[in-house]
Structure formats: C-alpha cells, structure tokens
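# Structural overview for review
Okay, here's what each chain looks like letter by letter:
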Amino acid sequence: IVLVKTTKYLMKGFNYVQNGGSITIPAGTIIMGEFNTKGTLIIQRGGRIYANGTPDAPVVFTSQRSAGQRAAGDWGGIIILGRSGINTASGADSAEIEGFGPGLGPIYGGQPRIDNDSSGVFRYVRIEFPGINLTGISGNEINGLTMGGVGSRTVIEYVQVSYSGDDSFEWFGGTVNCKHLIAFKGIDDDWDTDNGFRGKIQFGLSVRDSGLVDI
C-alpha cells in the first residue's frame, strides 16, 4: 500500500499490515484516527512500514476531532511488531502484545529469532492524542508508539508522541536502536520497557504537565 500525501486519511478500527506486506507513507501525509472505532495501525511480524517524513513535512498521525476538542486517548496508536528476541517470565520466546485481551493480541518475538529484523523506517513522525483502553478492561491500554520484538535494522528516529493517554513509548523486548524521541505531555509513562528490551535510546526528551497525571 502506498499512500498519497495530498489525501487526508481516516483510520477506522484495527488496520493490519501483515507478513510480507508494507505500507509507505510519504512525507507530509496526515492520517487521522477515528474516535468511535479507536483507529489503530498494527505492523505485524514480517510486515513493514515506511513512514519517512522530513523536518519540514513530517508524517502526522492525529485525532479526527476538531482542533480545540482533541484530547489524550482520542484514538488507538501505532504498534510495530518483529521477530527479535524477547525475555518472558514463563520462558516463552513469543508473546501477545498488550491491549487486546487474552488470546486476541498479535504476536511478537518467536522463531526463527531474528535480532537484526527490519520493520522498516519510522522517521520524522508526529503521533498526537493517541493511547486508549481498547476493551474497557484495566491493563488493555495501548500506547502512542508500541514496539514488540522490533529488530535492530528498523530505523526509528525523530519521533514525537504528544498527549498520549497511556505511555508515550513502550518497548517489549527487541533490539531496535532509537534516536531523537520526544514524549510531550503524556498521561502515563514517557518511556517504558518490558520483556528484556536490549536496544539503545539516544537523545530522548520528556516534557511533563503537572496537571496531566495517571490515576
């Protein structure tokens, strides 16, 4: 799938890029997450995303609601999954990504283990007003940018998550190295790591608002 930057897109419900597939999002493209269906983009293991913005024309994921009415948790978020190694309490080499409920979440990690896996390029991207509970059950929240088992050949840099209703960035295992990340006025954690994340983060900035806090 190749999007067109002159088209504004409305993302409804769960949108999957499956194994062997890819989505290319040109610089300057705007994608709005639908409020009622909790629009979410999920890059599954073996799928790739090429969201390659520029400083003057970033790729923007934002709320469909009008300016002035937008709020944290207006839509789902971005989930990128890969086959890089993870570390679980049970010893299992794969796991379901959080947010979907038991037995429903897409899988990350697994065999063959590919630590240098590539899920594509995610550069100069803004993610605004994401992070919502998908099912209404505590613990089933997703973040602004969720990464599960993402491998080291994936490029993630110059990404800003603003006004997330859950964590701004969360890594579940994997080996991806990320640079130049901004977590801006999120409600829950700015940075969260689970299941043996082994990548490196360079140049991360948190901006907090004392009036926005997780219960």
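Residues numbered from 1 in each chain as written. Predicted model: local features only at pLDDT ≥ 70, side-chain atom pairs only at ≥ 80, totals over all residues. Heavy atoms only, no water.

## Re the overall build of the protein chain
Basically, it comes down to this: The way it works is that DSSP assigns letters per residue, a run of H or I at least four long becomes a helix, a run of E at least two long becomes a strand, and they are numbered from the N terminus. For the accessible areas, the method is Shrake-Rupley and the probe is 1.4 Å, while residue cover comes only from the protein chains on display. The positive count covers Lys and Arg only, the negative count covers Asp and Glu only, and His and the chain ends enter neither. Charged side chains are reduced to one point each, which is NZ for Lys, CZ for Arg, CG for Asp and CD for Glu.
Looking only at helices and strands, one finds zero helices and 17 strands in the protein chain. Its C-alpha atoms give the protein chain principal-axis dimensions of roughly 45 × 40 × 35 Å. Of the accessible surface of the protein chain, which amounts to about 9500 Å², a share of 50% is contributed by carbon and sulfur atoms. Measuring between centres, the 18 positive side-chain charges of the protein chain sit 9 Å from its 21 negative side-chain charges.

## Observations concerning the pattern of salt bridges
When charged atoms on two side chains of opposite charge get close, those side chains can pair. Condition: What makes a salt bridge here is a side-chain nitrogen of Lys or Arg within 4 Å of a carboxyl oxygen of Asp or Glu, nothing more. Burial here depends on accessible area, computed with a 1.4 Å probe over protein chains only, as a share of the maximum for the residue type. Under 20% is buried, over 50% is exposed, and the range in between is partly exposed.
The full count for this structure, using the stated rule, is seven salt bridges. Put simply, K185 and D209 hold a salt bridge, and the shortest N to O gap is 3.9 Å. Separated by 24 residues along the polypeptide, K185 in the loop between β15 (178–184) and β16 (191–194) and D209 in the segment after β17 (201–207) bring together distant segments of the chain. Take K185: its relative accessible area is 22%, and that puts it in the partly exposed class. A relative accessible area of 27% places D209 in the partly exposed class. One salt bridge connects R208 with D190, and the closest N-O pair in it is separated by 2.8 Å. Taken together, the residues R208 in the segment after β17 and D190 in the loop between β15 and β16 connect sequence positions 18 residues apart. Here the salt bridges share partners, and the residues they tie into one network are R113, D115 and R198.

## Topic: the pairing of strand β8 (residues 77–81)
The following threshold applies: Only strands joined by at least two bridges in the DSSP assignment are considered to pair.
Most of β8 sits out of view: five of its five residues are buried. Of the two faces of β8, the one lined by G77, I79 and L81 and the one lined by I78 and I80 are each fully buried. Where strand β5 (residues 40–43) meets β8, four bridges bridge the pair, whose relative direction is parallel. Note that in β8 the partner of I42 across the bridge is I79. Across four bridges, β8 lies against strand β12 (residues 145–148) in parallel orientation. Counterpart to I79 in the pairing with β12 is T146.

## Focus: the side chain of D74
Put simply, the rule reads: Here a polar contact means two N or O atoms within 3.5 Å. Within protein one must be a hydrogen donor candidate and the other an acceptor candidate, and residues neighboring in sequence count only if both atoms are side-chain atoms. The contact criterion used throughout is that any non-hydrogen atoms of two residues lie within 4.5 Å.
Positionally, D74 belongs in the loop between β7 (59–63) and β8. Among the polar contacts made by the side chain of D74, one reaches the side chain of S63 at a distance of 2.7 Å. With near-sequence residues (within four places) excluded, D74 lies in contact with E34, F35, S63, R65, Q69 and F129.

## Some details on the sheet that holds β12
Our working rule: Helix axes are fitted to C-alpha atoms over the stretch in contact, other axes to C-alpha atoms as well, and angles between N-to-C directions run from 0 to 180 degrees.
Across the sheet, six strands lie side by side as β2-β5-β8-β12-β14-β16; this open sheet has parallel pairing. Taken across any chain shown, the strands that pair with only one partner, and hence form the sheet edges, are β2 (14–17) and β16. Along the sheet, successive strands turn relative to each other by an average axial angle of 10°, direction set aside.

## Description of the environment of R198
The residue R198 is located in the loop between β16 and β17 in this model. In the structure, R198 is positioned 30 residues away from S168 in sequence and 19 Å away in space, judged by C-alpha atoms. The contacts of R198, once residues within four sequence positions are left out, are S84, G85, R113, D115, G174 and T175. At 3.4 Å, the side chain of R198 forms a polar contact with the backbone oxygen of G85.

## Section: the packing of aromatic side chains
Filter applied, for reference: In summary, the pairing rule links any two rings of Phe, Tyr or Trp, Trp by its six-membered ring, whose centres are within 6.5 Å, and it sorts them by plane angle into stacked for under 30 degrees, edge-to-face for over 60 and tilted for everything else.
For the structure shown, the criterion picks out nine aromatic pairs. Measuring from centroid to centroid gives 5.2 Å for F129 and Y163, while their planes differ by 5°, and the two rings are stacked. Note that F129 is positioned in the loop between β11 (120–128) and β12 and Y163 in the loop between β13 (155–162) and β14 (169–172), a separation of 34 residues in sequence. Its relative accessible area of 13% is what places F129 among the buried residues. By relative accessible area, Y163 is classed as partly exposed at 28%. A centroid spacing of 6.1 Å and a plane angle of 15° characterise the contact between F169 and W171, whose relative ring orientation is stacked.

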